[in-house]
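Listed here are the chains, written in short residue letters.
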Amino acid sequence: MWQTPDDVVLISDSRVTSIPVIESGEPLADVRGSLRVDKRLADDAGAYAHLRSGLLDRLLAAERRLPAGYHLLIVEGYRPIAVQRRIFDEYRAELRTTFPEMSPDESYIAASQYVSPVEVAPHTAGAAVDLTLCAPDGTEYDMGTQVNDNPEESGGACYTAAPGIPAAAREHRDLLAAVLEPAGLVNYPTEWWHWSYGDRYWAMSTRSPHAHYGPVEFTG
């Protein structure tokens, strides 16, 4: 079982889950037409291509900061609650099959290294985006792993600060941070591709007294 570094706060940590949400009421906005969007996780309703409007504004600002030859490539934004629950439960079951010695509490914590529990999941709030970098022709740059590679598959290389990844991948991860952090986004350290704004993890990271966005229904 891959061990999370001690300095990483998991999204299931009480320091995150205890933060209140004061819902802003911002609508979900369609990213398509504003930024490049990959279809690998597309759903029929197009929910995956939606984010809170405030997050989209910040991504547009980040896109403008990128040097020539680079673009943000959005892989997934909003995720319905039922889908989030299924992904978490499936990964947790996979871990318990692979590591049968795990207790229920241990499997919950371990699954939270990679998938957010439903009650705090920023994707269900439209507050998180999974993204990477691409060239003008759509070719994705080397980031060290594929988007959504879990810790077991990647040997921990999915962690944003993972040692031992290629120099080019480190440069590309650093470039993502250099444009997204000034735009107000925060990274979930176990996933280099996962960035958010306005959710509980963002509030914990920025010492905000509350989150701006809670779970929201997508109406299409």
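The coordinates are above.
A quick note: this is a predicted structure, and the numbers were derived from the prediction, not measured.

S.K.: What's the story with the sheet that holds strand β4 (residues 71-76) in this structure? I'm lost.
M.R.: Strand pairing in a sheet is mediated by backbone hydrogen bonds. Such pairs are either parallel or antiparallel. Taken in spatial order, the five strands make up an open sheet running β2-β4-β5-β7-β6, and their pairing is mixed. Each having just a single partner strand, β2 (36-37) and β6 (186-187) make up the two edges of the open sheet. The pairing of β4 with strand β5 (residues 128-134) spans five bridges and is classified as antiparallel. Pairing of Leu73 across the sheet is with Thr132, part of β5. Running at roughly 150° to β4, helix α2 (residues 53-65) makes contact with β4 and β5 of the sheet. Relative to β5, helix α6 (residues 167-180) is tilted by about 125°, and along the sheet it contacts β4, β5 and β7 (194-196).

S.K.: Before we go on, may I ask you to explain the pattern of salt bridges in this structure?
M.R.: Here the idea is simple: oppositely charged side chains can pair when their charged atoms come close. According to the stated counting rule, one finds eight salt bridges in the structure shown. The residue Asp130 makes a salt bridge to Arg79 at a minimum N-O spacing of 3.7 Å. Pair noted here: Asp130 is in strand β5 and Arg79 is in the loop between β4 and α3 (81-98), with a separation of 51 residues, a long-range link. By relative accessible area, which is 7% here, Arg79 ends up buried. The partner of Glu90 in a salt bridge is Arg86, with the nearest N and O atoms 3.6 Å apart. In this pair, Glu90 and Arg86 are both assigned in helix α3, four residues apart and thus about one turn of the helix distant. Residue classification places Arg86 among the partly exposed positions, given a relative accessible area of 42%. It is possible to trace a salt-bridge network through shared partners that takes in Asp38, Arg40 and Glu140.

S.K.: Before we go on, may I ask you to explain the layout of surface pockets in this structure?
M.R.: Empty space left among the atoms is revealed by rolling a probe the size of a water molecule over them. Roughly 430 Å³ of volume is contained in the largest pocket. Along the walls of the largest pocket sit 25 residues, with Leu41, Glu76, Arg79, Ile87 and Asn148 positioned nearest its centre. Counting residues per element, the lining of the largest pocket draws most heavily on α3, which supplies seven residues. Among the residues forming the lining of the largest pocket, the class breakdown is eleven nonpolar, six polar and eight charged.

Basis of the calculations
- Residues numbered from 1 in each chain as written.
- Predicted model: local features only at pLDDT ≥ 70, side-chain atom pairs only at ≥ 80, totals over all residues.
- Heavy atoms only, no water.
- Pairing = 2+ DSSP bridges.
- Helix = DSSP H or I, 4+ residues; strand = E, 2+ residues; numbered from the N terminus.
- Contact = heavy atoms within 4.5 Å.
- Axes fitted to C-alpha atoms, helices over the stretch in contact; angles between N-to-C directions.
- Salt bridge = Lys/Arg side-chain N within 4 Å of Asp/Glu carboxyl O.
- Buried < 20%, exposed > 50% of the residue type's maximum accessible area, 1.4 Å probe, protein only.
- 1 Å grid on protein atoms, 1.4 Å probe; cavity = no way out; pocket = protein on both sides within 12 Å on 5 of 7 lines; lining within 4 Å.
- Points joined across faces, edges and corners; volume = space filled by probe spheres on them.
- Nonpolar A, V, L, I, M, F, W, Y, C, P; charged D, E, K, R; others polar.

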